[in-house]
2 protein chains.
Amino acid sequence: MRADHQTDLLIVGGTAAGTAAAAAARRAAPGARILLVDKGYDLAYSTCELPMFAGGQIDREEALLRYTPDAFSETFGVDVWTGAEVTGFGARERTALLADGRTVRWQRLILAVGARARVPEYLASAPHTPGPQGPAGPGVFVLRTLDDARRIRERFATDPPAHVVVVGAGYTGLEAAAALGHDTRVSIVAPAGRLLPSGLSEPLSRVVAERLTAGGRILVRAARATGLDRAPDGRPLAVRTDDGEKIGCGAVILATGIAPNTEVAAALGLRLGDEGAVRVTTAMRTNKPHIWAAGDCAAIPEAITGRPRWIPLAMNAFRTGRVAGRNAVFSLAPSGGRPATLEPAVAAFAVRLAGVDMAHAGLRLEEALDAGFTAEAVDIVGASHSRTLGGEDVHVRVVFDRRQGRLLGAETVGPPGSALRMNTVAALVRLGASIHDLEASDTVYHPDISPLHDPLRVAARSAQKQLRAR
Amino acid sequence: MRADHQTDLLIVGGTAAGTAAAAAARRAAPGARILLVDKGYDLAYSTCELPMFAGGQIDREEALLRYTPDAFSETFGVDVWTGAEVTGFGARERTALLADGRTVRWQRLILAVGARARVPEYLASAPHTPGPQGPAGPGVFVLRTLDDARRIRERFATDPPAHVVVVGAGYTGLEAAAALGHDTRVSIVAPAGRLLPSGLSEPLSRVVAERLTAGGRILVRAARATGLDRAPDGRPLAVRTDDGEKIGCGAVILATGIAPNTEVAAALGLRLGDEGAVRVTTAMRTNKPHIWAAGDCAAIPEAITGRPRWIPLAMNAFRTGRVAGRNAVFSLAPSGGRPATLEPAVAAFAVRLAGVDMAHAGLRLEEALDAGFTAEAVDIVGASHSRTLGGEDVHVRVVFDRRQGRLLGAETVGPPGSALRMNTVAALVRLGASIHDLEASDTVYHPDISPLHDPLRVAARSAQKQLRAR
């Protein structure tokens, strides 16, 4: 096989991890040949703003774009190929095959192939043609890429359905549904009616459901979707559920979570870990020489458990990309300085839906128990600020270890701004701090800003009482 | 001398510290006789909401009251005397003398006599009668007590001056000025034009000044007030400044800070520390047996320096009151459990003025240098959240030690909600964390809530670069 192209570093996949890797590699090795290939045509955009673009809050597509491919190439002196899908690796070592027949010979490889929307079995096997319609046929939307957002936006601008069913209750799908126009009714079909199951416990999920459904436009159905009836032209007619209902609808949004892209990793024989993501060291090295992984396709060391964990968040994409980029070129020609090391990560997540902040940091109770902690939780309701001045309920759950009182994680649901409290939790759990540390911490107090007894400290105090009561 | 009244515990002073002490003492000793005396008539109210009441944002006085004296007495089973000023202590040990001639014999004493507004020399010596007009004569307002707030409110409701001069730039006075009606022009006369000098560094003070004066209603004059011209009836005519100006005005608000009340402590021979506040142990004991102190009259151990420091904030009032109350009755009759210990405190402060949050935590640069640290600061401007979605500038200063990279403190100025970031700083500095810990912490990211690169982490990264550049 003839290699059309030779490069020192090949990065497969753009967006946060791939572009951060390319930029870091360029900074560390001004002379290295770097090639960034992406199967799509939008190299660098703000993934987390896609729901606002799909729903129309963000008007111009350009506002989402960090760089056009050309601008990125020029700014960082990196070759960029878009529409370039890697389909495999040649028999000869360190060669990548592209779908269009081109081959690339590389010295170092960074996989930043990301994750994709999960599509339920009954849709994946449906008779339709994936492609321009998205991964699940006409009228069934996911929201993972800029193309996905364009599809939703176009459909709802030109032919808004009167009723949309959201299948599952992951955050991106919920954000898209919440952002739709007020003429569209929404039914969320989620097992046990549980919203944001990967981030919120049952009690706080219930609080979110109450707020989301308060206006009457959005309903939550406690059921599992089992099938989709389509019209002859492929358009959705009704979602079938495990309680025997058929919920008529003009469109479906899948909020059934994401899964790491593993085809390329499998072709390379890489070791996979949590949720099928690529296992890496704190240097972002895989188990194969000359190959690094970064972003949503990689499982990274988690700070509390010390174990590899798949935490597909933008900040981790950025940080892992930066480490992988630096280290890949450093291994090629060690220059000044040291290789980079990824700090073990703490999951820290926030979303705002219908004017309500919900956020979590660290381990949820189930995760803590799974990890072997003698974990407990307390749930409290505090105030965002002085109730005399319009303060609202802030719900907080704190998770802690019974034996040492170690703080393991927290969740919150409250008015805008509440989510920032989880930053304190993320910083403290990383340092192995205790419930006592949280309670003893000083917090700012001002009637317009935060109450004398900050909800986090109220929760910590409640946890202390629970510990003492044993 | 005959003791009219005998009590196990006498608490001098109400509001946060005194009432917290009484409540904690009652919980710890159900049978103890507890007497709470206060020279005013409003025992328990929200001091920090006084500016909103003075300015009319809070309409009803009742909204500020935590308890009426009667309700407090009944709820906690505590004797409460209002209008009862302690003027000295009898020759016979453990006796207090009241202004009205009554005497109280006590077994344990807690001083919670608080702090008062500083009145500049040229006003304190002016020929007027303090009393119902406040501590500085007619038309000159301070804002420290509910009575002070009533005076401001009444004056501005019945006879609003067209122009008010604020002397000094402490936060309570600025809050009162910012809360005044839009028909009143305000001139703030502050040395070097520096606002909130005890909380904000010069660069961030300048940002606040720009925001406060943007509407044109408020001016900042870089000058020191040196005198006040009054009309024959005592009303203010003009404030004189050290640059020779006379600024005509109908009223004056003093924002020249506060000072601990020390008369009673001096009468008892208590050892005083920082700023003249009573020195106490972490048990809130003074240097005299059977006497504790709590709240704004006490200097408490500061977490970063380990030294006694006067940090007159509501949370410290509450916490020190709670510790003093429990320990005072515990020493009387040790029951189950242990005496309480005050955690060393971190200064953590926030205020919102004209829709801008300003907050700080830990040590300011000058304080850190004074304490012997090889301290440095970096100033950065980050974003509150996605600029595409209306994110605004968040100014952050981080103070750190050059030798170990230890985090010592931070300040911020930004849109509403920004202040909560200082809670993370307060928690981290208490644990002796470093700039690296701050940078490596995970933070929540959502376009509506907080940027991918949280301003605190941006500042920490900038500090790391500054450290490496040496």
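Residue numbers here run from 1 along each chain, matching the order of that chain's written sequence. Here every chain gets a letter starting at A, and every ligand a number starting at 1, in the order they are written. For a predicted model such as this one, the threshold for reporting local features is a pLDDT of at least 70, and the threshold for listing and counting side-chain atom pairs is 80 or more; totals across whole chains, interfaces and linings nevertheless cover every residue.

K.L.:
Describe the relation of the copies chain A and chain B, and please don't skip the residues or the numbers.
P.N.:
When chain A is fitted to chain B, the best match, at an RMSD of 0.0 Å, comes from turning it 180° and sliding it 0.0 Å along the axis. Within this description, the copies of the chain are treated as partners about a two-fold rotation axis. Residue A:Thr424 of chain A places its C-alpha closer to the rotation axis than any other residue of that unit, at 2.2 Å. We call two residues in contact when the distance between their C-beta atoms, placed using the backbone, is within 7 Å. Interface overlap between copies is the fraction of interface residues in one copy that are interface residues in the other; for chain A against chain B it reaches 100%, indicating a shared surface. Least squares is the method for superposing the copies, and the C-alpha atoms it fits come from residues with pLDDT of at least 70 in both.

K.L.:
Give me the lowdown on the interface of chain A and chain B, citing residues and values where you can.
P.N.:
Taken together, the contact between chain A and chain B spans 48 residues of the former and 48 residues of the latter. Every element with two or more residues in the side of chain A that touches chain B is listed here: helix 9 (314-332), strand 23 (348-353), strand 24 (356-362), helix 11 (421-430) and helix 12 (435-440) of chain A. Sorting elements by how many residues they give to the side of chain A that touches chain B places helix 11 of chain A first, with eight residues. Residues are sorted three ways: Asp, Glu, Lys and Arg are charged, Ala, Val, Leu, Ile, Met, Phe, Trp, Tyr, Cys and Pro are nonpolar, and all the rest, Gly among them, are polar. Looking at side-chain class alone, the side of chain A that touches chain B contains 29 nonpolar, nine polar and 10 charged residues. Think of it this way: any DSSP run of H or I at least four residues long counts as a helix, any run of E at least two long counts as a strand, and we number them from the N terminus.

K.L.:
Can you explain the domain arrangement of chain A? Please cite residues and give values.
P.N.:
All names here are of chain A. Domain delimitation follows an automatic or database domain assignment. Taken domain by domain, chain A consists of domain 1 (5-46 + 62-115 + 259-332), domain 2 (119-256) and domain 3 (348-468). Of note, the centres of domain 2 and domain 3, computed from C-alpha atoms alone, are 31 Å apart. Every contact between the two is made by 14 residues of domain 2 and, on the other side, 14 residues of domain 3. Contributing elements (two or more residues each) for the side of domain 2 that touches domain 3: helix 6 (171-179) and helix 7 (202-213). At six residues, helix 7 tops the list of elements feeding residues into the side of domain 2 that touches domain 3.

K.L.:
Describe the environment of A:Thr424, naming the residues involved and giving the relevant values.
P.N.:
Note on placement: A:Thr424 falls in helix 11. Those residues in contact with A:Thr424 that lie beyond four places of it in its chain are A:Leu456, B:Asn423, B:Thr424 and B:Ala427.

K.L.:
Can you break down the nonpolar core residue by residue, with the values?
P.N.:
Counting 337 residues, the largest nonpolar core has A:Leu111, A:Val208, B:Leu111 and B:Val208 as the members making the most contacts within it. Sequence-distant contacts of A:Val208, defined by excluding residues within four places in its chain, comprise A:Leu195, A:Leu196, A:Leu200, A:Leu353, A:Val356, A:Met358 and A:Val413. By convention in this section, buried Ala, Val, Leu, Ile, Met, Phe, Trp, Tyr and Cys residues joined through C-beta atoms within 7 Å make up a nonpolar core. Here exposure depends only on C-beta density: within 10 Å of a residue's C-beta, 20 or more other C-beta atoms make it buried, 12 or fewer make it exposed, and intermediate numbers make it partly exposed, the C-beta atoms being placed from the backbone.

K.L.:
Explain unusual backbone geometry residue by residue, including any values.
P.N.:
Glycine aside, negative phi is the norm for most residues, and most peptide bonds take the trans geometry. Residues and elements named next belong to chain A. Its identity is not glycine, yet Glu275 carries a phi of approximately 65°, on the positive side. Topologically, Glu275 is positioned in the loop between helix 8 (263-267) and strand 19 (278-279). C-beta crowding within 10 Å serves as the criterion here: with 16 such atoms nearby, Glu275 is assigned to the partly exposed category.

K.L.:
Provide a residue-level description of the sheet that holds strand 27 (residues 407-414) of chain B, including the pertinent values.
P.N.:
Residue and element names in this part refer to chain B. Whether two strands pair comes down to DSSP finding at least two bridges between them. The five strands are arranged 23-24-27-26-25 in an open sheet whose pairing can be described as antiparallel. Each edge of the open sheet carries a strand with a single partner, namely strand 23 (348-353) and strand 25 (375-383). Each neighbouring strand pair of the sheet contributes to a mean axis angle of 10°, computed without reference to strand direction. Pairing geometry for strand 26 (residues 393-401) and strand 27, over six bridges, is antiparallel. For helices, the fitted line uses only the C-alpha atoms of the stretch in contact; every axis is such a line through C-alpha atoms, and the angle between N-to-C directions lies from 0 to 180 degrees.

K.L.:
An account of the confidence of the model for chain A is requested, with residue identities and associated values reported.
P.N.:
In predicted models, pLDDT denotes the confidence assigned by the predictor to each residue on a 0 to 100 scale. Looking at chain A as a whole, its pLDDT mean stands at 93, while 97% of the residues score no less than 70. The ipTM, which scores confidence in the relative placement of chains, is 0.94 for this predicted complex, and the corresponding pTM is 0.95.

K.L.:
Pulling in residues and values, what's your account of the sheet that holds strand 15 (residues 236-241) of chain A?
P.N.:
Residues and elements named next belong to chain A. If you trace the three strands from one edge of the open sheet to the other, you get 14-15-16, paired in antiparallel fashion. Across the chains shown, the open sheet's two edge strands, defined by having one partner strand only, are strand 14 (225-230) and strand 16 (246-248). Strand-to-strand twist in this sheet, taken as the mean axis angle between neighbours without regard to direction, amounts to 25°. As judged from the three bridges shared by strand 15 and strand 16, these two strands associate in the antiparallel manner. Within strand 16, the residue paired with Ala238 across the bridge is Gly248.

K.L.:
Describe the packing of helix 11 of chain A against helix 11 (residues 421-430) of chain B, listing the residues and the values that go with them.
P.N.:
How two helices sit against one another is set out by the angle between their axes and by the gap between those axes. In the contact formed by helix 11 of chain A and helix 11 of chain B, the axes pass within 8 Å of each other and the chain directions differ by 20°. Classified by the interaxial angle, the pair formed by helix 11 of chain A and helix 11 of chain B is roughly parallel. As for the relative orientation of helix 11 of chain A and helix 11 of chain B, their crossing is right-handed in sense. Contacts between helix 11 of chain A and helix 11 of chain B involve A:Asn423, A:Thr424, A:Ala427 and A:Leu428 on the former and, on the latter, B:Asn423, B:Thr424, B:Ala427 and B:Leu428. Roughly parallel here means an angle under 35 degrees, roughly antiparallel means over 145, roughly perpendicular means 65 to 115, and every remaining angle is called oblique. In a left-handed crossing the near helix is turned counterclockwise from the far helix by less than a right angle, and in a right-handed crossing that turn is clockwise.

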